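Remarks on the overall topology
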Amino acid sequence: MKKSKTILATSVIAIAATAALYPFILTGNEQVSANAGLESHLQMDQKPVERTGGFAKSYADIVDRVSPAVVSVYTAKALADPYRGLPRNLRYFYGLPDYDPSNAPKQTGVGSGVIISADGFVLTNHHVAGEVDEIKVYHSGHDKSYDAELIGSDKATDVAIIKIKADREFEPITVGDSTQVRAGDVALAFGSPFGLDSTVSMGIVSAVGRKN
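Residues numbered from 1 in each chain as written. Predicted model: local features only at pLDDT ≥ 70, side-chain atom pairs only at ≥ 80, totals over all residues. Heavy atoms only, no water.

1. Comments concerning the environment of Asp-81
By the element assignment, Asp-81 lies in the loop between β3 (70-78) and α6 (88-93). When its relative accessible area of 11% is taken as the criterion, Asp-81 is described as buried. Sequence spacing of Asp-81 and Ala-104 is 23 residues, and the spatial spacing of their C-alpha atoms is 8.0 Å. (Helix = DSSP H or I, 4+ residues; strand = E, 2+ residues; numbered from the N terminus. Buried < 20%, exposed > 50% of the residue type's maximum accessible area, 1.4 Å probe, protein only.)

Okay, here's the thing in structure tokens:
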């Protein structure tokens, strides 16, 4: 994949943090509405968030709670036959081998995902896993890679669902109501740009409900 697509691979986690997942990244299982203000969100942990001048000094407790659900998604796709359409006799004349998809060079990529169910369903991007031949999910908490399969994807919204092939339970993110998110809300973005594990950054929701 192009480097730009690798950078964009973190967008699913940003989407998760700022839209579908924002309320629970900050509130856990307590259903505090997004417009209740940062003050309410920071009271939900048993261990208070340290503050300086009225602002949060650390989001470490929130990161500790969310990180087990964040995974890296590695993909591979067989490259198309570069000589397709060339008559077989000309391929033979120029010493070009027959195209074998099972032995073709592969294009690889890496992106981010977030576990949304205990049985291993993962939300990621269409540009990461939507049109590939092989998918593997690396879980840094388990220090292990798992095979995965594509369940469905949507190119228009750049969202895909994959399923980890493993006979075990995972720790999923809590899913809440994205309609409560407002422009200006604080959001944490988790991901794995360039294959780095468990990165996190903070910002605010710049806008909601955009159509283009």
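2. Here we look at the confidence of the model for the chain
Mean pLDDT over the chain stands at 74; residues scoring 70 or higher make up 68%. Confidence drops under pLDDT 50 across residues 1-48; counting only partners more than four residues distant or on other chains, this segment forms 119 contacts. (pLDDT = per-residue confidence, 0-100. Contact = heavy atoms within 4.5 Å.)

3. Quick word on the pattern of salt bridges
Under the counting rule described, the total for this entry stands at two salt bridges. In this structure, Lys-106 and Glu-134 form a salt bridge, with 2.4 Å as the shortest nitrogen-oxygen distance. With Lys-106 in strand β4 (residues 106-115) and Glu-134 in strand β6 (residues 134-139), this residue pair connects regions lying 28 residues apart in the sequence. For Lys-106, a relative accessible area of 43% puts it in the partly exposed group. Under the relative-accessibility criterion, Glu-134 is labelled partly exposed at 37%. In this structure, Lys-136 engages Asp-147 in a salt bridge whose closest nitrogen and oxygen atoms are separated by 2.4 Å. Residue Lys-136 is found in strand β6, and its partner Asp-147 is found in strand β7 (residues 144-154); the two are separated by 11 residues along the sequence. For Lys-136, a relative accessible area of 41% translates into the label partly exposed. (Salt bridge = Lys/Arg side-chain N within 4 Å of Asp/Glu carboxyl O.)

4. Quick look at the packing of aromatic side chains
On inspection of all chains with the given rule, the structure shows one aromatic pair. Residues Tyr-146 and Phe-170 carry aromatic rings whose centres are separated by 5.4 Å and whose planes lie at 85° to one another, so their mutual orientation is edge-to-face. Of this pair, Tyr-146 sits in strand β7 while Phe-170 sits in the loop between β8 (159-164) and β9 (186-191), placing them 24 residues apart in sequence. The two residues Tyr-146 and Phe-170 agree in class, both being buried. Residue placement shows Lys-163 over the ring face of Phe-121; its charged tip is 5.6 Å from the ring centre. In this arrangement the basic side chain of Arg-168 is found over the ring face of Phe-170, its NZ or CZ atom lying 5.6 Å from the centre. (Phe/Tyr/Trp six-rings, centres within 6.5 Å; stacked < 30°, edge-to-face > 60°. Lys NZ or Arg CZ within 6 Å of the ring centre and 35° of its normal.)

5. Some thoughts on the sheet that holds β6
The six strands lie next to each other as β3-β4-β5-β8-β7-β6, forming a closed barrel whose pairing is antiparallel. Here the strands of the sheet are splayed against their neighbours by 40° on average, with no regard to which way each runs. Here five bridges tie β6 to β7, and the two strands are oriented antiparallel to one another. Pairing of Val-137 across the sheet is with Tyr-146, part of β7. (Pairing = 2+ DSSP bridges. Axes fitted to C-alpha atoms, helices over the stretch in contact; angles between N-to-C directions.)

6. Section: the pairing of β8
Of the strand pairs in this sheet, strand β5 (residues 121-124) and β8 are connected by four bridges, and their pairing is antiparallel. Opposite Thr-124, over in β8, you have Ala-160 as the bridge partner. Relative to β8, β7 runs antiparallel, the two being bridged by six bridges. Residue pairing for β8: Gly-152 is matched across the bridge by Ile-161. As consecutive antiparallel partners, β7 and β8 are separated by four residues, and within that stretch Asp-158 has a phi angle of approximately 55°, a positive value.

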